[in-house]
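Fold and geometry: a report
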Amino acid sequence: MLVGVVGKANVGKSTFFRAATLAPAQIGPHPFVTIEPNKAIGYVKTKCPCMKLKVKCNPNNSPCIDGNRFVPFEILDVAGLIPGAHLGKGLGNKFLDDLRRADCLIHVLDAAGSTDEKGNPIPLGERNPSEDILFLKEEFDFWLQNILIKHFKDKKQKISIKDVEEVLSGLKIKKEHISKVINTSELKLEQISKWDDEKFLKFAIGLRSESKPIITSANKCDLSKARENIKILKKEHLEDIFIPTSAESELVLREANEKNLVKYIPGEKNFEITGDLSKKQEGALKFVKEKVLNILGNTGVQQCLNKAVLELLNFIVVYPVEDENKLTDKQGRILPDAYLIKKGSTPLNLAHKIHSDIGKNFIGAIDCKTKRKISKQTELKHNDIIKILTKK
Ligand SMILES: Nc1nc2c(ncn2[C@@H]2O[C@H](COP(=O)(O)OP(=O)(O)O)[C@@H](O)[C@H]2O)c(=O)[nH]1
Ligand SMILES: [Mg+2]
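Everything in this summary refers to the structure shown in the same document. (Residues numbered from 1 in each chain as written. Chains lettered and ligands numbered in written order. Predicted model: local features only at pLDDT ≥ 70, side-chain atom pairs only at ≥ 80, totals over all residues. Heavy atoms only, no water.)

Side note on the nonpolar core
Definition in use: Among buried residues, those of type Ala, Val, Leu, Ile, Met, Phe, Trp, Tyr and Cys that are joined through side-chain atoms within 4.5 Å constitute a nonpolar core. Relative accessibility decides the category of a residue: with a 1.4 Å probe and only protein chains considered, values under 20% of the type maximum give buried, values over 50% give exposed, and everything between is partly exposed. Going along the chain from the N terminus, every DSSP run of H or I of four or more residues is numbered as a helix, and every run of E of two or more is numbered as a strand. Throughout, a contact is declared for two residues whenever any of their heavy atoms are within 4.5 Å.
Phe95, Leu144, Leu148, Leu168, Phe203 and Leu207 are the most contacted members of the largest nonpolar core, which totals 38 residues. Of all elements in the fold, only strand S1 (2–6), helix H3 (92–99), helix H4 (130–152), helix H5 (161–168), helix H6 (175–183) and helix H7 (197–211) reach the threshold of two or more residues within this core. Here this core gets nine residues from one element, more than from any other, and that element is H4. Not counting the four nearest positions on each side in its chain, Leu144 is found in contact with Leu168, Leu171, Ile173, Ala204, Leu207 and Arg208.

Re the pairing of S1
Note the cut-off: Strands are treated as partners if at least two bridges between them are detected by DSSP.
The buried fraction of S1 amounts to five of the five residues, a majority that puts the element mostly inside the structure. Bridge count between S1 and strand S4 (residues 68–77): four bridges; the pairing is parallel. When the bridges of S4 are listed, Val3 appears paired with Ile75.

Considerations on the sheet that holds strand S11 (residues 339–342)
Applicable threshold: Axis definition: a line fitted to C-alpha atoms, over the contacting stretch in the case of helices. Angles run 0 to 180 degrees between N-to-C directions.
Ordered in space as S11-S10-S14-S12-S13, the five strands form an open sheet in which the pairing is mixed. Across the chains shown, the open sheet's two edge strands, defined by having one partner strand only, are S11 and strand S13 (372–374). Adjacent strand axes in the sheet meet at a mean angle of 45 degrees when their direction is disregarded. Pairing geometry for strand S10 (residues 315–321) and strand S14 (residues 384–390), over four bridges, is parallel. Bridging across to S14, Val318 finds its partner in Asp384.

Topic: the site of ligand 1
Rule in force here: We define proximity as follows: a residue is near a molecule or strand when any one of its heavy atoms falls within 4 Å of that partner. What qualifies as a polar contact is a pair of N or O atoms within 3.5 Å, subject to a donor-acceptor requirement within protein and to the restriction that residues adjacent in sequence count only when both atoms come from side chains. Accessibility throughout is a Shrake-Rupley quantity obtained with a 1.4 Å probe, and a residue counts as covered only by protein chains that appear here.
In the vicinity of ligand 1 there are 15 residues, among which Asn10, Ser14, Thr15, Asp222 and Glu248 approach most closely. A distance of 3.4 Å is found between an oxygen atom of ligand 1 and a side-chain nitrogen or oxygen belonging to Ser246. At 3.0 Å from an oxygen atom of ligand 1 is found a main-chain nitrogen or oxygen belonging to Ala247. With the chains in place, 73% of the 580 Å² that ligand 1 exposes on its own is no longer accessible.

Read these as geometric descriptors, not functional statements.
Encoded structure:
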């Protein structure tokens, strides 16, 4: 699963990415393999079972702060969106190449309208952010339309869903996305070779909205202009999901937390001052408190991550353990690891996710809350604690 952070220049994309990927707490030396330069680890925030079960957990892959478990996943910093990307202008190819790898997008928008199409600063409110919402979608749609036309227009042979799937496999567009678009529109795949450009565009729009769901981070919401604009945006784009954000505020808070100046749990409304602040730091935190937390209730960054992974992508969190009574791994750590897994997954899917050998030797599983054996087809639930049984 890969969540892409997208947007044009100067909207706060890098700020969002840095804030979202700054670990909320240290958890010892980490076995994460080095990932590519524009990828980093972000965290979903969820209630750790340790509270309800009244145990003290020893997290290994996912920090737990006051009963809030932060579960890792990968975020991609997509190359900046630029006008004419679909025509291969500037770094357009890089942008589209990044975009095709994402399963879900967080679109960072300058909701204050203080940047033009290319990201140059302009007076506050001069650009209508609504244009940027269309801009992102259009660049992708036109690009996809061209790919579809190139492969399917005026072709002699009969085209099946499988043929479309093959052409689009590198874009993470799957059979179920294609069938859904065909079944819910008047587009007839049998006639694809005779479609006009408009039908190809319709197909592209459908495929994009099925395969790359978007959350809009209406950013710079510390500015009142942005908060005004968001009301209008919500009315104009009923099908879109908007979360008001102040990426800069989240970064201020996470950095202050890292330096032990404050105690801040991502996504919360409050923070506690725990260190000696300079006048400048005090001013920045006061701004965040008064202009963001008191008005919006949170900075919105953690909310975007949670919404993307748990709602749009439909993932749940499960905890594999070795000992179903003590809830420990081999080293005796309680609830050491939390895994994100697609809703609908089974214990067998989980076994494969942990390790291919565990998957191969799978013979069953135990639900550690009920201590009962569950079948390999049982659908796992959010916050399940599971012991995988393997043959020796
Ligand atoms: N007011 C305000 N400014 C922000 C916010 N996030 C980023 N910025 C500012 O927007 C500018 C561009 O930020 P950056 O993250 O480099 O944008 P990018 O080009 O989209 O990666 C910088 O001056 C940031 O300080 C925010 O939440 N509120
Ligand atoms: Mg940047």
